[in-house]
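# Tertiary structure, described
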Amino acid sequence: MRTRSIGKALPRTTTRVALGLALLAVPATAVATTAGPAGPSRPAAAQHAPHRAATGLDDPAKKEIAMQLVSSAENSSLDWKAQYKYIEDIGDGRGYTGGIIGFCSGTHDMLELVELYTRRKPGNVLAKYLPALREVDGSDSHDGLDPDYTKDWKKAAQDPEFQKAQNDERDRVYFDPAVERGKADGIGVLGQFAYYDALVMHGDGDDSTSFTGIRKRALAKAKPPARGGSEKTYLNAFLDARVWAMKQEEAHSDTSRVDTAQRVFLKNGNLDLHTPLGWKVYGDSYHIG
């Protein structure tokens, strides 16, 4: 597994808790096969493409594609379910990074994950680290976590309850808000994925490099379909804003997950992420379908 070169911007600890409410007001060619059954049409279809019925990213087949796309960038693998046990400090100032979307001990979402797991399963192997996780939240410190936290994380990752907790927190904090915001903006599967990927990397908040900041930057350049704009034009503006945000931090400076993946799908007019899909991240090639 390649060491990840990305991470979420450090937010205030309240940012992740409020995210949902705020949005509502290894290196080689990898191959996977994904079926793509039709799902319900998205609401508020774009005026520029009134006859295109889009499956939402929350369709199970499309969601599986989203998980594989993110895993290719986060872990250099399409096998996202192998990442429950992943944990390391990648030296980006966010402490330990672990799990299927890179929960971080310094950005509050890892703390919330372990709290959820402990509510559901008191006395689990990670419960004893909750005081330390609260202390290090907002920093890159390992105080109270070393030397056994990573070992115990990997042990917990064998528990279906911890796997489910990771899935549920991914959906609550990142996936569901991204899909809901995307549908409200009238964008299809690719656009909803672009929102999700941005939330996974940047988190949300009121700073210019958060998801909300990126979206605001895009809205200053183009209207989304829900406001009568062209979907492709708006998504190009969003990806431009995303690349700008990534370049503000050295840890995000490789923009290939946009340039040779999302931008390629958009250029090809694949707004619904129909398979087959081919893309590159960090120079490695991937294929689905």
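The model shown is predicted, which means the values in this text are computed figures rather than measured ones. (Residues numbered from 1 in each chain as written. Predicted model: local features only at pLDDT ≥ 70, side-chain atom pairs only at ≥ 80, totals over all residues. Heavy atoms only, no water.)

A few words on the confidence of the model for the protein. The share of residues in the protein with pLDDT of 70 or more is 81%, and the mean pLDDT across the chain is 86. Taken as a whole, residues 1–7 scores under 50 in pLDDT and shows 33 contacts with residues more than four places along the chain or in a different chain. (pLDDT = per-residue confidence, 0-100. Contact = heavy atoms within 4.5 Å.)

On to the pairing of strand S5 (residues 277–281). Covered by surrounding structure in S5 are Leu277, Trp279 and Val281 only, the residues Gly278 and Lys280 on the alternate face being uncovered. Hairpin connection from S5 to strand S6 (residues 284–288): two residues lie between these consecutive antiparallel strands, with tyrosine 282 at a positive phi of about 55°. (Buried < 20%, exposed > 50% of the residue type's maximum accessible area, 1.4 Å probe, protein only. Helix = DSSP H or I, 4+ residues; strand = E, 2+ residues; numbered from the N terminus. Pairing = 2+ DSSP bridges.)

Bringing the nonpolar core into the picture now. Of all hydrophobic cores here, the largest spans 75 residues; its most connected members are Leu126, Leu133, Tyr149, Tyr196, Phe238, Leu273 and Trp279. In terms of residues, this core owes the most to one element, helix H7 (residues 189–202), which gives 10 residues. Other than its neighbours up to four places away in sequence, phenylalanine 238 contacts Ala194, Tyr195, Ala198, Phe211, Ile214, Arg215 and Ala218. (Core = buried A, V, L, I, M, F, W, Y, C linked by side-chain atoms within 4.5 Å.)

Moving on to helix H2 (residues 60–75). Between its first and last C-alpha, H2 extends 22 Å over 16 residues, near the 22 Å set by a 1.5 Å rise per residue. Most of H2 is tucked away, with 14 of its 16 residues classed as buried. Capping the start of H2, aspartate 59 holds a side-chain oxygen 3.0 Å from the backbone nitrogen of alanine 61, two or three residues further along. Within two residues after H2, serine 76 carries a phi angle of roughly 55°, on the positive side. (Expected span 1.5 Å × (residues − 1). Polar contact = N/O pair within 3.5 Å; in protein donor to acceptor, adjacent residues only side chain to side chain.)

Moving on, we get to empty space enclosed by the protein. What the largest cavity holds in volume is close to 50 Å³. Looking at the largest cavity, the residues that line it are Leu69, Ser72, Ala73, Phe193, Asp197, Arg257, Ala261, Gln262, Phe265, Trp279 and Val281. Per-element accounting of the lining of the largest cavity gives the leading share, four residues, to helix H10 (residues 256–267). Looking at the second largest cavity, the residues that line it are Leu190, Gly191, Ala194, Leu235, Leu239 and Leu266. Counting residues per element, the lining of the second largest cavity draws most heavily on H7, at three residues. Along the lines of polarity and charge, the residues of the lining of the second largest cavity split into five nonpolar, one polar and no charged. (1 Å grid on protein atoms, 1.4 Å probe; cavity = no way out; pocket = protein on both sides within 12 Å on 5 of 7 lines; lining within 4 Å. Points joined across faces, edges and corners; volume = space filled by probe spheres on them. Nonpolar A, V, L, I, M, F, W, Y, C, P; charged D, E, K, R; others polar.)

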